[in-house]
Amino acid sequence: MQVYLDLLREVLDHGNDRGDRTGVGTRSVFGRQIRLDLQAGFPLLTTKRVHAKGLIHELLWFLAGATDNRLLQAQDVHIWDNWATDDGALGPIYGAQWRSWRSPDGHVIDQIAELIATIRARPESRRLVVSAWNPADLPDETISPQDNARAGRMALAPCHCLFQFYVNAGKLSCQLYQRSADLFIGVPFNIASYALLTHLIAAQCDLKVGEFVHTFGDLHLYQNHLTDEIVLAQLARTPRPLPQLHLRRRPANVFEYAFEDIEIIDYDPHPVIRAPLAV
């Protein structure tokens, strides 16, 4: 995925040094976009190993409408540990917004179920949109993630906050808008997660996959990643062929996929590059 390395180089060479919520500081650019042909391979980064197990379990957790971090921990996935309370609470984050958005009259909206129904019934609709950005549930930045969760707010504001699908010529494409994008740690994970989501929904709707379009707002590298051992080490590597995704079965609906149904074939990445996480 040379396009990913090109983003790294652009932010490194032309980014603006800025403060941020975590206090670590970033180098960032604003408003970028990449396009990936999902027919050309599954876009799991090869210039460092990406934790495929974690992204699969997290996506299935979102699709289940879950927000309890203990369910991920039971699968030895610890993506959300830094933001959860001791009893696993994270507040109404992605899974809650995707599957049980509450309207002002108390009606619960299952955005994913409605999305799939609309793709099947009206594939040319321009309303194939799911939003996780619910201002009523956003965290108070003056208190901790855990205190926000205890108060019934999101522990962390959604970074990948809105996505839209597009059907053409029997193919399903997805565009993600990511308002805040940690380019080194988060973005490789986000690309693969939404590519997988596109595959799962396409299979449910008897479609092939098309493009994944990733649009970024604040695209950044953390200052403590700008080292020879982290960002520059990755830039020195040559991308390898992309793996393939195989779905072993198609369940009755998208919410019934299990981890064992999803197989990534011929993944041959360079070794992992570890980097500190800004919380």
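It should be emphasised that the depicted structure is a prediction, and the values quoted were computed from it without experimental measurement.

### Quick look at the overall build of the protein
Reasoning step 1: Helix and strand counts for the protein stand at 8 helices and 10 strands.
Reasoning step 2: On C-alpha atoms alone, the protein measures out to a radius of gyration of 18 Å, which is about the 19 Å that the 2.2 N^0.38 rule sets for 279 residues.
Reasoning step 3: Its C-alpha atoms give the protein principal-axis dimensions of about 50 × 45 × 35 Å.
Reasoning step 4: Counting only residues that meet the buried cut, the protein has 52% of its 279 residues in that class.
Reasoning step 5: In the protein, of all internal contacts separated by at least 6 residues, the share reaching a separation of at least 24 is 70%.
Reasoning step 6: Summed over all atoms, the accessible surface of the protein reaches about 12,900 Å², with 48% contributed by carbon and sulfur.
Reasoning step 7: The centroid of the 27 positive side-chain charges in the protein is displaced by 4 Å from the centroid of its 32 negative side-chain charges.

### Digging into the packing of aromatic side chains
Reasoning step 1: Tallying each qualifying case throughout the model produces 10 aromatic pairs.
Reasoning step 2: Seen in terms of ring centroids, Trp98 and Phe163 are 5.3 Å apart; in terms of plane orientation they differ by 70°. Their pairing is edge-to-face. With Trp98 in helix α4 (residues 94-99) and Phe163 in strand β6 (residues 160-168), this residue pair connects regions lying 65 residues apart in the sequence.
Reasoning step 3: Judged by relative accessible area, Trp98 falls into the buried class, the value being 1%.
Reasoning step 4: Taking relative accessible area as the criterion, Phe163 reaches 1% and is therefore assigned buried.
Reasoning step 5: Taking 6.4 Å as the distance between ring centres and 65° as the angle between the ring planes, the aromatic pair formed by Trp98 and Tyr194 counts as edge-to-face. Of this pair, Trp98 sits in helix α4 while Tyr194 sits in helix α7 (residues 186-204), and the two are 96 residues apart along the sequence. Tyr194 shares its class with Trp98; the two are buried.
Reasoning step 6: Three or more aromatic residues link up through ring pairs in this structure, and these residues are Trp61, Phe62, Trp80, Trp83, Tyr94, Trp98, Phe163, Phe165 and Tyr194.
Reasoning step 7: Here the basic side chain of Lys48 rests over the ring of Phe184, its NZ or CZ set 3.7 Å away from the ring centre.
Reasoning step 8: Just above the ring of Phe255 sits the side chain of Arg99; from NZ or CZ to the centre is 3.6 Å.

### Some points on the environment of Gly210
Reasoning step 1: Topologically, Gly210 is positioned in strand β8 (residues 208-222).
Reasoning step 2: A relative accessible area of 7% places Gly210 in the buried class.
Reasoning step 3: Ignoring sequence-local partners within four residues, the contact set of Gly210 consists of Leu36, Asp37, Leu38, Gln39, Lys171, Leu172 and Ser173.

### Focus on the pattern of salt bridges
Reasoning step 1: Here the structure, examined in full by the defined rule, presents 11 salt bridges.
Reasoning step 2: One salt bridge connects Arg70 with Asp68, and the closest N-O pair in it is separated by 2.8 Å.
Reasoning step 3: Accessibility expressed as a relative area gives 44% for Arg70, which makes it partly exposed.
Reasoning step 4: A relative accessible area of 23% means that Asp68 is categorised as partly exposed.

### Looking at the sheet that holds strand β2 (residues 26-37)
Reasoning step 1: Taken together, 6 strands build an open sheet; the order of strands is β1-β2-β8-β7-β6-β5 and the sheet is mixed. One side of each edge strand has no neighbouring strand; the edge strands of this open sheet are β1 (16-18) and β5 (129-131). Averaged over all pairs of adjacent strands, the angle between strand axes in this sheet comes to 20°, irrespective of strand direction.
Reasoning step 2: Where β5 meets β6, 3 bridges bridge the pair, whose relative direction is antiparallel. Paired with Ser131 across the strands is Leu162, a residue of β6.
Reasoning step 3: Lying on the sheet, helix α1 (residues 2-14) is in contact with β1, β2 and β8; it crosses β2 at an angle near 160°.

### Quick word on helix α5 (residues 111-121)
Reasoning step 1: The set of residues buried in α5 consists of Gln111, Ile112, Leu115, Ile116, Thr118 and Ile119. The buried residues of α5 occupy one face: seen down the axis, they fall within an arc of 160°.
Reasoning step 2: In this structure Asp110 caps α5, since a side-chain oxygen of it lies 3.3 Å from the backbone nitrogen of Ile112.

### Some remarks on the nonpolar core
Reasoning step 1: Membership of the largest hydrophobic core comes to 82 residues, with the highest contact counts inside it found for Trp80, Trp98, Phe163, Phe165 and Ile201.
Reasoning step 2: It is α7 that contributes the most residues to this core, 11 residues altogether.
Reasoning step 3: Ignoring anything within four residues of it in the chain, the contact list for Phe165 reads Leu115, Ile119, Leu128, Leu172, Ser173, Cys174, Leu197, Thr198 and Ile201.

### Here's the deal with the side chain of Thr26
Reasoning step 1: By the secondary structure assignment, Thr26 is in strand β2.
Reasoning step 2: By relative accessible area, Thr26 is classed as buried at 4%.
Reasoning step 3: Apart from residues no more than four positions distant in its own chain, Thr26 is found in contact with Asn16, Asp17, Arg18, Gly19, Asp20, His220, Leu221, Tyr222 and Gln223.

Here is what the cut-offs are and how they apply
- Residues numbered from 1 in each chain as written.
- Predicted model: local features only at pLDDT ≥ 70, side-chain atom pairs only at ≥ 80, totals over all residues.
- Heavy atoms only, no water.
- Helix = DSSP H or I, 4+ residues; strand = E, 2+ residues; numbered from the N terminus.
- Rg over C-alpha atoms; globule rule 2.2 N^0.38 Å.
- Buried < 20%, exposed > 50% of the residue type's maximum accessible area, 1.4 Å probe, protein only.
- Contact = heavy atoms within 4.5 Å.
- Areas by Shrake-Rupley, 256 points an atom, 1.4 Å probe, with all protein chains shown as cover.
- Lys, Arg positive; Asp, Glu negative; His and termini not counted.
- Charge placed at Lys NZ, Arg CZ, Asp CG, Glu CD.
- Phe/Tyr/Trp six-rings, centres within 6.5 Å; stacked < 30°, edge-to-face > 60°.
- Lys NZ or Arg CZ within 6 Å of the ring centre and 35° of its normal.
- Salt bridge = Lys/Arg side-chain N within 4 Å of Asp/Glu carboxyl O.
- Pairing = 2+ DSSP bridges.
- Axes fitted to C-alpha atoms, helices over the stretch in contact; angles between N-to-C directions.
- Arc of directions from axis to C-beta.
- Polar contact = N/O pair within 3.5 Å; in protein donor to acceptor, adjacent residues only side chain to side chain.
- Core = buried A, V, L, I, M, F, W, Y, C linked by side-chain atoms within 4.5 Å.

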